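Breakdown of the fold
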Amino acid sequence: MAGTGIDPEVELKVDIDENGAVSRVQVLAIEPSTRFDDLLRSSVTENLKRWRYGPARDAEDNPVPSSMSWRMKFLSTERRSETRPGALDVEVDEDLRALTGSGSLPLNYRPPTRQERAERLSGIVESAEKYIDRTHRRRSETPRFIVISDAEDASTVDILAGNMESVFDVFHSIFDEHIEPMPQNWKLVVYLYRRQDSLKQLNRDIGGRAFSNGFYQSPGLLAFHQEVHYYDQLLNTMLHEAFHAFSDSHLTAPGKNLPRWAEEGLAEYFANSRIENGRLITGELNQGRYVVPHGRSGPVRLQSESAWSVREARLSLRQGEAPSIVELIEATADTFYGERYQVFYGFSWLFTHFLRHGRETWESDETFARLLLYLTEEYASRDALQAAYGLQPEELQDEFERYVRRF
């Protein structure tokens, strides 16, 4: 309908189940009626079925089914250019407008199409293939992953594929109850290089911000290398980057992201977990363990990444160099990933841990899940905290610092 000059207004009713998923969409009226009505009705119905909500709640705060009705106006191309950037297309009453915010994205924002994302992934895979040792190249495919490696041990590729499936099973078990997962468009591609230099060259090719033992590149490639000192280091990296892949594939819509502090904080939260009898144990501080590093004759005691982060965080607080919660949630990319990136990563993890475990009631209720739902729908972090916890960042600051000091 773009360019027709027609500005249809659609009257809608949406039924929402107790999980916040849309169970039914009714298009009650289209004004003015045109020859595009059937197309508009079909498109609106298909798209609104993908919307998600924080579910309504009864007097005992239990999630319950509900419904919402409103009128939505679609502006033609000519009219859109005349409106104020950031203005809402949807006509809603004032309390809903206050809840949803006003124009977090410009009107001319267009998320990447599925075809565009697929073409980008193909280009990244083409780059990744350049650095695989063809004489040792092996491939394993599972329901959700395609894993490629040049590891000397032929079984490595199958083991990694199984591990990735297991990790995603854990993430689904944690998040699906609270946030209906986005459908996975295609299998994620995983490269495990035998040599660290291969990963470095790929990172340079695709314009990576900084080098580490692994990375995730949207819309669907994970890459790691084997030249680590001990297995836990690779496991930590795999869990961290696997969460980025899961978040991009299942938690957020195409072209959208969690805020940096929440994305990196949750990735570190899972990366610092320990595995016990095949289960991921989250929320505990991994102090480290005795290991036999490559090239060493005997076991040594290694401190875990999480223990190091807590030590550095306490030191930053004592020296007055720690970022406040406001600084953390409002940090730009240059600040977050700049010279003090280790501090921002560490405090993102600790703030995430605090919001999940800081009070006994937070561990047992759905407060954190509610926060995450708001964040996946791109509410501002400050607004999401207020909606889920009933508190502003400044009100949490002293309690958070006490939590870090006694952690």
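This section reports on the structure supplied with the text. (Residues numbered from 1 in each chain as written. Predicted model: local features only at pLDDT ≥ 70, side-chain atom pairs only at ≥ 80, totals over all residues. Heavy atoms only, no water.)

Thoughts on the packing of aromatic side chains
Two numbers describe a pair of aromatic rings. These are the distance of the centres and the angle of the planes. Counted only if it meets this: Stacked, tilted and edge-to-face are the three classes assigned to paired rings of Phe, Tyr and Trp, where Trp is represented by its six-membered ring and a pair needs centres within 6.5 Å; plane angles under 30 degrees give stacked, over 60 edge-to-face, the rest tilted. By the criteria applied, helices consist of DSSP H or I runs no shorter than four residues and strands consist of E runs no shorter than two, each listed in order from the N terminus.
One pass over the full model with this rule turns up 27 aromatic pairs. Look at Tyr-341 and Tyr-345: their rings are 6.3 Å apart centre to centre, the planes differ by 90°, and that puts the pair in the edge-to-face class. Linking Tyr-341 with Tyr-345, this pair stays in helix H12 (residues 341-357), spanning four residues, or about one helical turn. Cluster of aromatic residues (ring-pair linked, three or more members): Phe-145, Phe-168, Phe-171, Phe-175, Phe-243, Phe-246, Tyr-269 and Phe-270.

With respect to the nonpolar core
Test applied: We define a nonpolar core as any set of buried Ala, Val, Leu, Ile, Met, Phe, Trp, Tyr and Cys residues linked to one another through side-chain atoms lying within 4.5 Å. The classification of residues rests on relative accessible area computed with a 1.4 Å probe and restricted to protein chains. Under 20% of the type maximum is buried, over 50% is exposed, and intermediate values are partly exposed. Whether two residues are in contact is decided by their heavy atoms, any of which lying within 4.5 Å being enough.
Among the nonpolar cores identified, the biggest contains 71 residues, and Phe-171, Phe-243, Trp-261, Phe-351, Leu-355 and Leu-371 are the most heavily contacted of them. In terms of residues, this core owes the most to one element, helix H7 (residues 231-251), which gives nine residues. Once you skip the residues sitting within four places of it in the chain, Trp-261 turns out to touch Leu-328, Ile-329, Phe-336, Ser-348, Phe-351, Thr-352, Leu-355, Leu-371, Leu-375 and Ser-381. Grouped together as the second largest cluster of nonpolar side chains are 18 residues, Tyr-131, Trp-186, Val-189 and Leu-202 included.

Here's the deal with the sheet that holds strand E11 (residues 221-225)
Quick note on the threshold: We treat two strands as partners when DSSP finds at least two bridges between them. In this analysis an axis means a line fitted to C-alpha atoms, helices contributing only their contacting stretch, and an angle means the value between N-to-C directions, from 0 to 180 degrees.
Spatially, E7-E8-E9-E11-E10 is the arrangement adopted by the five strands of the open sheet, whose pairing is mixed. The open sheet has two edge strands, strand E7 (138-141) and strand E10 (214-217), and neither has a second partner. Neighbour-to-neighbour, the strand axes of the sheet open up by a mean angle of 15°, direction not taken into account. Inspection of the sheet shows strand E9 (residues 188-193) paired to E11 by five bridges, in the parallel sense.

Considerations on the pattern of salt bridges
Selection criterion: A pairing counts as a salt bridge when a side-chain nitrogen of Lys or Arg comes within 4 Å of a carboxyl oxygen of Asp or Glu.
Counted under the stated rule, the structure contains 23 salt bridges. Two residues, Glu-31 and Arg-71, come together in a salt bridge whose shortest N-O distance is 3.0 Å. Of this pair, Glu-31 sits in strand E2 (residues 22-31) while Arg-71 sits in strand E5 (residues 66-73); the two residues are 40 residues apart in sequence, bridging distant segments of the chain. We classify Glu-31 as partly exposed; its relative accessible area is 45%. For the salt bridge of Asp-38 with Arg-41, the shortest nitrogen-to-oxygen distance reads 3.3 Å. In this pair, Asp-38 and Arg-41 both sit in helix H1 (residues 37-48), three residues apart, roughly one turn of the helix. Given a relative accessible area of 61%, Asp-38 falls into the exposed group. In this structure Arg-41 comes out as partly exposed when scored by relative accessible area, which is 33%. A single salt-bridge network, built from bridges that share partners, covers Glu-9, Glu-11, Glu-31 and Arg-71.

Quick look at the environment of Ala-151
With respect to the helices and strands, Ala-151 occurs in the loop between strand E8 (145-149) and helix H5 (156-175). Along the primary structure Ala-151 and Arg-195 are separated by 44 residues, whereas in three dimensions their C-alpha atoms are 8.8 Å apart. Look past the residues within four positions of Ala-151 in its chain and what remains in contact with it is His-136, Arg-138, Thr-156, Arg-194 and Gln-226.

A word on unusual backbone geometry
Cis geometry is found at the peptide bond from Glu-31 to Pro-32, where omega equals -5°. Tracing the chain through its elements places Pro-32 in the loop between E2 and H1. A cis amide bond links Ser-218 to the next residue, Pro-219, at an omega of 15°. At Asp-61, a residue that is not glycine, the phi angle is positive and equals roughly 70°. Assignment of secondary structure puts Asp-61 in the loop between strand E3 (56-57) and strand E4 (63-64).

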